[in-house]
Amino acid sequence: MHGSNNDFFILDEKNLEKNITEDELSTLARAVCDRQHGLHGGADGILFVTSGHTGVAGKMRVINADGSEASMCGNGIRTVARYLNEKSGLDEFKVETMYADLEVKKSENFAPDVPAFDAEISPVSFDAADLKMHIGNKAKLIDDLIPELSKTLKFSAVAVPNPHLITFVSHDVLIGSELGKIASYLNNGENPIFPDGVNVSFVEIQEPKQIFVRTYERGVGYTNACGTAMSASSLMYVLLHPEQCGTEQLISVFNPGGMVKTCVHQRENGSYWMSLIGNATFVAEVKLAQAAALKGDFKHVVWNETGEQKAYEKFAAEVQGGSHK
Ligand SMILES: N[C@H](CCC[C@H](N)C(=O)O)C(=O)O
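Just so it is clear, the model here is predicted, and its values are computed rather than measured. (Residues numbered from 1 in each chain as written. Predicted model: local features only at pLDDT ≥ 70, side-chain atom pairs only at ≥ 80, totals over all residues. Heavy atoms only, no water.)

Turning next to the environment of A43. Tracing the chain through its elements places A43 in the loop between α1 (22-33) and β3 (45-50). Looking at A43, the relative accessible area reads 3%, which means it is buried. Look past the residues within four positions of A43 in its chain and what remains in contact with it is D7, F8, F9, V32, C33, R35 and A65. (Helix = DSSP H or I, 4+ residues; strand = E, 2+ residues; numbered from the N terminus. Buried < 20%, exposed > 50% of the residue type's maximum accessible area, 1.4 Å probe, protein only. Contact = heavy atoms within 4.5 Å.)

Now the structure itself:
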């Protein structure tokens, strides 16, 4: 399944032939997601769906393509919401994630045969501890320089709850090589600033309430879109450009894979959360022996396409015209 062509294999614990260990789950993700030797061209990660605790329709765990686990996945939770909606018949429910049970609900289709869901993105924190960020004794980083990374770009760091490093840039910088350089340094090999890595996004403001977000993801690399990054970028857009957009206002967020809508909300206690509204496209139903999958042997996979991808590509082509890309 995918959200904005940020694609995942959804693995429902109920379909396992036998229990899977933590190591096997990590090995499985690396095997099936590999873009060269993986399953049907690979994916950006595995979303492992289990029953979860009372009060939720299911639980989502996020395993990146490199086998690392993340606390949240914005595009992913919309696809899990669709998966659970079709299993349960519920249009509005909660999904358990590592740090919170999040509200999801079925939305209006974005286009014919492009189903959409609305997901709560929360909790949000600016604290260095929650970001596992070390920049001197800074407790937060809001629109500030990190000289080790860039002499000119100003960054903001926010956990939603997975960690994001965001900077607002010109179109030329957005499409340049700076993002890859900075994100590779922070994610591939040791670095003292984000020892656990961080998702890095460059954001271009195209017009009021319309931004373009390009992300290099921790544990994956460049993706077509990153839902939590688009949500975090929307929050920083509202906080740093209040003259253009406030809370409770819809933002169009374009990305290399398509477009989503976001909205920033602030609770009575001052904390923020975001709505992330976008497609949840079901590409194919996949059947494969568990032992073969673990070995990266995909010769006997059964792959049944749903036909939805065509409709999504048509939608993405139409909206990209609107993003003065
Ligand atoms: N790579 C992310 C997890 C996947 C998030 C992304 N695919 C999304 O849609 O939010 C991390 O390690 O924090």
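Right, let's get into the site of the ligand. Neighbouring residues of the ligand: 15 residues in total, closest G74, N199, E217, G227 and T228. The backbone of N75 places a nitrogen or oxygen atom 3.0 Å from an oxygen atom of the ligand. A distance of 2.8 Å separates an oxygen atom of the ligand from a polar backbone atom of G227. Protein contact buries 99% of the 360 Å² of open area that the ligand shows by itself. Where the shell around the ligand is concerned, the elements lending two or more residues are β2 (6-12), α2 (74-88) and α6 (227-240). Its residues assigned to classes, the shell around the ligand comprises five nonpolar, eight polar and two charged. Each of domain 1 (2-121 + 281-321) and domain 2 (128-276) accounts for three or more of the residues forming the shell around the ligand. (Near = heavy atom within 4 Å. Polar contact = N/O pair within 3.5 Å; in protein donor to acceptor, adjacent residues only side chain to side chain. Areas by Shrake-Rupley, 256 points an atom, 1.4 Å probe, with all protein chains shown as cover. Nonpolar A, V, L, I, M, F, W, Y, C, P; charged D, E, K, R; others polar. Domains from an automatic or database assignment.)

The description of two aromatic rings rests on the distance between their centres and on the angle between their planes. In total, this model carries four aromatic pairs according to the counting rule given. Measuring from ring centre to ring centre gives 6.5 Å for F9 and W303, while their planes differ by 85 degrees; the resulting arrangement is edge-to-face. Here F9, found in strand β2, pairs with W303, found in strand β19 (residues 302-305); they are 294 residues apart in sequence, far enough to count as distant. With relative accessibility at 14%, the residue F9 sits in the buried group. (Phe/Tyr/Trp six-rings, centres within 6.5 Å; stacked < 30°, edge-to-face > 60°.)

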